[in-house]
There are 2 protein chains.
Amino acid sequence: MKTVTVYDIAREANVSVATVSRVLNNTAPVKKETRERISALIEKYQFQPNALARSLIRKETGMIGFILPDITNPFFPEVLAGFDREARKMGYTYFLCDTFSTNEETLNQYERESQYISLLMEKQVDGIVMLGGRIDLSRPDPQMIREVEEAARRVPFLLLNGSLPQVGLNRVATDQKLGAVLATQHLLELGHRDIAAVGGYSAMSNTQQRLQGFRSAMREHGLQPRKEWMLQDGFSVEAGVEFTSRLLAMNPRPTAIFCLNDLVAIGALKAASRAGVRVPEELSIIGYDDIQFAANSIPELTTVSLKAAEIGRLAAETLHRMIGKKKVPKLLSVLPELVVRQSTAAVRKGG
Amino acid sequence: MKTVTVYDIAREANVSVATVSRVLNNTAPVKKETRERISALIEKYQFQPNALARSLIRKETGMIGFILPDITNPFFPEVLAGFDREARKMGYTYFLCDTFSTNEETLNQYERESQYISLLMEKQVDGIVMLGGRIDLSRPDPQMIREVEEAARRVPFLLLNGSLPQVGLNRVATDQKLGAVLATQHLLELGHRDIAAVGGYSAMSNTQQRLQGFRSAMREHGLQPRKEWMLQDGFSVEAGVEFTSRLLAMNPRPTAIFCLNDLVAIGALKAASRAGVRVPEELSIIGYDDIQFAANSIPELTTVSLKAAEIGRLAAETLHRMIGKKKVPKLLSVLPELVVRQSTAAVRKGG
DNA sequence: TACGATAATGCAACCGATTTCAAATTGGGT
DNA sequence: ACCCAATTTGAAATCGGTTGCATTATCGTA
């Protein structure tokens, strides 16, 4: 079960390995007769050139590293899928690097990021894309910063939906603020004035931007957000349940809730259902992200699409250009989109 | 910006590359003083050995190929996460190969599988794991079969939750029939007699096994499933809506529905909600798979957990053993588990 | 028939590591 | 001071391809 090499093919075809290589890559003319003889042998032995050897001398591997925080978070597979379709089309293969870390583990997420970046460099990837959105990307680990800097100096490095001001990285990101503006305006146009904003982590840049958008849209309508209706630090379904329960127990209570992501919105739906509050009749709920499930909740969730797949697609396209040493803008902005479904409705007059 | 190699280190340390390699891999004793001199240089230049060159001669890459049908299907990321945690622990990196294919594309899923397998072999992966569960894995493409056979001959190849009787592959799979028995028994114990079974694709082996489990559990209770309540060929939310709407329009209608996967069950929830039928008071609904969202639907979905993460974990562990040429059982069975939540309840007497 | 141009091919270096085998160094014991 | 064994080290082959340069074969034309 010896693996066959170019030498084996060359010997049996009575040519030099150089010629075999030429028909393999179509890199120089080869006499028709010779070419056919070699092709036949390649077919006969199902010969496949060893990508390691090839990459070693070519100094390009066609491999990319894709780093993300947690594949079971439903938003990320959408981005990944968009990336996958495009990257595949361009002939890249990618390593998936999930940096998810439980408390029991030795390494935290930053250390794992550093470790993966280092590993990817060793593997000689042609480029790296890192998907942000973790809790405290805003005050990251210095060791990780150094690793990113070093990597970015050596290979194309692209940051998705995150920011790392310490390093001048190329980025692709949705306009978070605009998304929040869209969501808030939708609620305002439905006549809501008493709007809560829940979810997110105050330390996260995306949360800050979304909140900024919320405030700015409110202000444009001459409204001042109420402090007690701004409940932060939580991005999970459970957090959504908790925040919303608290909100519903208040007096006065909001007529609409802007949830900073869909998971929180789903929690809100749940809490409303438990409290016997009908959505959207008595309470409008809007999410953010447009994860797949938003279309399947009951009622179906009105939300803001971050265009996850588009981010991924654009990432692949951009990284490819960077690898090809073409010029790309430092920041590519993707426009979010309002998706109106069933969980929002006009405010009841005299509620 | 020249990349530094063992030669550079060797020259500056006044030793041969052999010695550098020795301290790199700790593969032979090196005099303390020399070792320190070399280590210092490695540190100074942030030297990282080129994995391509190393793998080329070692004939092992630490790379694995992971093939799956569609990363946006919520079941798969769970499996992948389980695999990831374990594989990472053992020092493997993996290529993610998503074979999802739209009708507009040139290649169908089989062709893409073949293509990926071939690519992975070229990249010299140490092993391949393929996650089944596609529509017609039961009557696959001959070209794909050949490719799998060829690959399995050359590297460890593991099939997850699928079957390919044509090739004698090692497999890890949940006991699908048992899961269906568990679900059906749960319904029976709640007093239900009029049970429908909807969803799945008749041509898929997992559907056949689940249906088999359903029938067998019914028979054990002396019950005969009704043909008109067995609605197949659909695994999506939409299909679930459709099937359930039809069911609810029938007379008599079932008091409980066994959905062959969670997406269909969510569709069922939706249809019931639309029809004004309360779940679980008037209708019990049980799903299958236990995707993450099952815990977040309203009402929360009772379902059967396939132990997705466990399958993944076991896959990594098993593949590792295969790579190490250790003996592993041809089939590793994972036991499913009933997860009782809110969408099922005792049948109403005199309904 | 001879010549220069062009098409085909081969030789050998190279990519960046690991590893075998032999040589050089070191050290202990007498 | 000398010898043998144990410890360190280096030279060179190797993994499996690609590619620049030189050489040979082929062909149209003068």
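Please refer to the structure placed before this passage.
Here's a quick rundown of the structure. The shown structure was predicted, so the numbers you read here are calculated from the model rather than taken from an experiment.

Calculation notes
Residues numbered from 1 in each chain as written. Chains lettered and ligands numbered in written order. Predicted model: local features only at pLDDT ≥ 70, side-chain atom pairs only at ≥ 80, totals over all residues. Heavy atoms only, no water. Least-squares fit on C-alpha atoms with pLDDT ≥ 70 in both. Contact = heavy atoms within 4.5 Å. Buried area = accessible area lost by both parts, 1.4 Å probe. Salt bridge = Lys/Arg side-chain N within 4 Å of Asp/Glu carboxyl O. Polar contact = N/O pair within 3.5 Å; in protein donor to acceptor, adjacent residues only side chain to side chain. Helix = DSSP H or I, 4+ residues; strand = E, 2+ residues; numbered from the N terminus. Nonpolar A, V, L, I, M, F, W, Y, C, P; charged D, E, K, R; others polar. Phe/Tyr/Trp six-rings, centres within 6.5 Å; stacked < 30°, edge-to-face > 60°. Buried < 20%, exposed > 50% of the residue type's maximum accessible area, 1.4 Å probe, protein only. Lys NZ or Arg CZ within 6 Å of the ring centre and 35° of its normal.

## Focus on the relation of the copies chain A and chain B
Overlay of chain A on chain B (RMSD 0.1 Å): rotation 180 degrees, translation along the axis 0.0 Å. Overall, the copies show the geometry of a two-fold rotation axis. Looking at the rotation axis and the C-alpha trace of chain A, the residue lying nearest is F95 of chain A, at 2.3 Å. Comparing interface residues between copies, 100% of those in chain A also sit at the interface in chain B, which points to an isologous, same-surface contact.

## Considerations on the interface of chain A and chain B
Facing 54 residues of chain A, the contacting portion of chain B comprises 54 residues. When the buried surface of chain A facing chain B is broken down by residue, L52, R88 and I298 of chain A rank first, second and third, together holding 14% of it. In this assembly, chain A and chain B are joined by 8 salt bridges. Applying the counting rule to chain A against chain B returns 21 residue pairs in polar contact (both at pLDDT 80 or more). Within the residue set of the side of chain A that touches chain B, elements represented by two or more residues are α4 (51-58), α5 (75-89), β2 (93-98), α6 (109-122), α7 (142-154) and α11 (262-275) of chain A. Counting residues per element, the side of chain A that touches chain B draws most heavily on α5 of chain A, which supplies 7 residues. Broken down by class, the residue content of the side of chain A that touches chain B amounts to 25 nonpolar, 14 polar and 15 charged.

## As for the packing of aromatic side chains
Residue and element names in this part refer to chain A. The final tally for this structure, using the stated rule, is 16 aromatic pairs over all chains. A ring pair is formed by Y201 and F235, whose centres lie 5.9 Å apart and whose planes are at 75 degrees; its orientation type is edge-to-face. Residue Y201 is found in the loop between β6 (195-198) and α9 (205-220), and its partner F235 is found in the loop between β7 (230-231) and α10 (237-248); the two are separated by 34 residues along the sequence. Looking at F235, the relative accessible area reads 17%, which means it is buried. Among the aromatic residues, those joined into a cluster by ring pairs are F66, F83 and Y94. Between R226 and the ring centre of W229, over which it is positioned, the NZ or CZ distance is 4.7 Å.

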